[in-house]
Amino acid sequence: MLFVAAAPLALGACATPPGEYPSLAQREIERVSYVMTPPQTTPTPPQSPAQPVLAEARDLLASVRTAHTAFLADEGAVRSQVAAARGAESGSDAWSLAEVALAGLITQRSRAMVSLADLDQLFITASIAGESTETIEAARSEAEGLIANEDAILTDLSAQLAP
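So, here is what we can say about the structure in this document.

### Looking at the overall build of the chain
Looking only at helices and strands, the chain features 4 helices and 0 strands. Overall, the chain shows an N-to-C arrangement of helices and strands of α-α-α-α. Considering the chain as a whole, with its 163 residues, one finds that 24% of them fall into the buried category. Contacts in the chain between residues at least 24 apart in sequence constitute 78% of all its contacts with a sequence separation of at least 6. For the chain, the accessible area works out to roughly 11,400 Å², and carbon and sulfur atoms hold 62% of it.

The following block contains the structure:
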């Protein structure tokens, strides 16, 4: 009942004379146009990394190379262990010795991977700082190649030990 009584009052508010509303015509302040132009800047080429960064990249690559050399030095002995265990049952003495030797080889690979991760961090830091990353990228590529070689060897040896 209350709604019925309030309805005529609410509708009456909508029926005001047309002259009491503000005009929707464009105002004087809206007629002024401003055109903003962006400042003219020339792009700056990336800076070359600081000498300490380059020295650290060289040191990390040397660490990967050292780990790879140790990996290759141990590979012959591991191949002999794996060859002796070929066809042996899982858990036998020959198989266990080959697995332990293979684990040592995996440890050598892990040392190289730690240095590669540090190279990745250097690369990211240089990229964020807007520095040139070509030298670091070259070191990373070489490290990745050495580790890919190690991965192929480990895959081959693991396949030979599989039952």
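### Considering the nonpolar core
Counting 16 residues, the largest nonpolar core has Ala57, Val64, Ala112, Leu119, Leu122, Ile136 and Ala143 as its most contacted members. Contributions of two or more residues to this core are made by α2 (51-85), α3 (93-128) and α4 (134-161). In terms of residues, this core owes the most to one element, α2, which gives 6 residues. Discounting chain neighbours no more than four positions away, the residues touching Leu119 are Ala57, Leu60, Leu61, Ile136, Ala139, Arg140 and Ala143.

### A word on the packing of aromatic side chains
The tally for this structure, following the rule as stated, stands at 0 aromatic pairs. The ring of Phe123 carries Arg140 above its face, with NZ or CZ at 4.7 Å from the centroid.

### A look at the packing of α3 against α4
The contact between α3 and α4 brings their axes to 10 Å, and the two run at 160°. In this view, α3 runs roughly antiparallel relative to α4, as classed from their interaxial angle. Along this stretch, α3 crosses α4, giving a crossing that reads as left-handed. Residue composition of the contact of α3 with α4, grouped by class: 19 nonpolar, 1 polar and 8 charged.

### Looking at α2
Over its 35 residues, α2 extends 50 Å from the first C-alpha to the last, a length consistent with the 51 Å expected when each residue adds 1.5 Å. Positive backbone phi, at 85°, marks Gly87, one or two positions downstream of α2.

### Points about the environment of Glu137
Relative to the helices and strands, Glu137 is located in helix α4. Among the residues examined, Glu137 registers a relative accessible area of 30% and is labelled partly exposed. In sequence terms Glu137 and Leu122 are 15 residues apart; their C-alpha atoms lie 9.6 Å from each other. Polar side-chain contacts of Glu137 include one of 2.7 Å to the side chain of Arg140.

### So, the side chain of His68
Structurally, His68 is set in helix α2. Apart from the residues within four sequence positions on either side, His68 is in contact with Leu146, Asn149 and Glu150.

### Let's talk about the packing of α2 against α4
Relative to each other, α2 and α4 sit at 10°, their axes nearing to 10 Å. Considering the angle they form, α2 stands roughly parallel to α4. Read as a crossing pair, α2 and α4 show a hand that is left-handed. Across the contact of α2 with α4, the residue classes tally to 19 nonpolar, 4 polar and 6 charged.

Calculation rules
- Residues numbered from 1 in each chain as written.
- Predicted model: local features only at pLDDT ≥ 70, side-chain atom pairs only at ≥ 80, totals over all residues.
- Heavy atoms only, no water.
- Helix = DSSP H or I, 4+ residues; strand = E, 2+ residues; numbered from the N terminus.
- Buried < 20%, exposed > 50% of the residue type's maximum accessible area, 1.4 Å probe, protein only.
- Contact = heavy atoms within 4.5 Å.
- Areas by Shrake-Rupley, 256 points an atom, 1.4 Å probe, with all protein chains shown as cover.
- Core = buried A, V, L, I, M, F, W, Y, C linked by side-chain atoms within 4.5 Å.
- Phe/Tyr/Trp six-rings, centres within 6.5 Å; stacked < 30°, edge-to-face > 60°.
- Lys NZ or Arg CZ within 6 Å of the ring centre and 35° of its normal.
- Axes fitted to C-alpha atoms, helices over the stretch in contact; angles between N-to-C directions.
- Parallel < 35°, antiparallel > 145°, perpendicular 65-115°, else oblique.
- Left-handed = near helix turned anticlockwise from the far one by under 90°.
- Nonpolar A, V, L, I, M, F, W, Y, C, P; charged D, E, K, R; others polar.
- Expected span 1.5 Å × (residues − 1).
- Polar contact = N/O pair within 3.5 Å; in protein donor to acceptor, adjacent residues only side chain to side chain.

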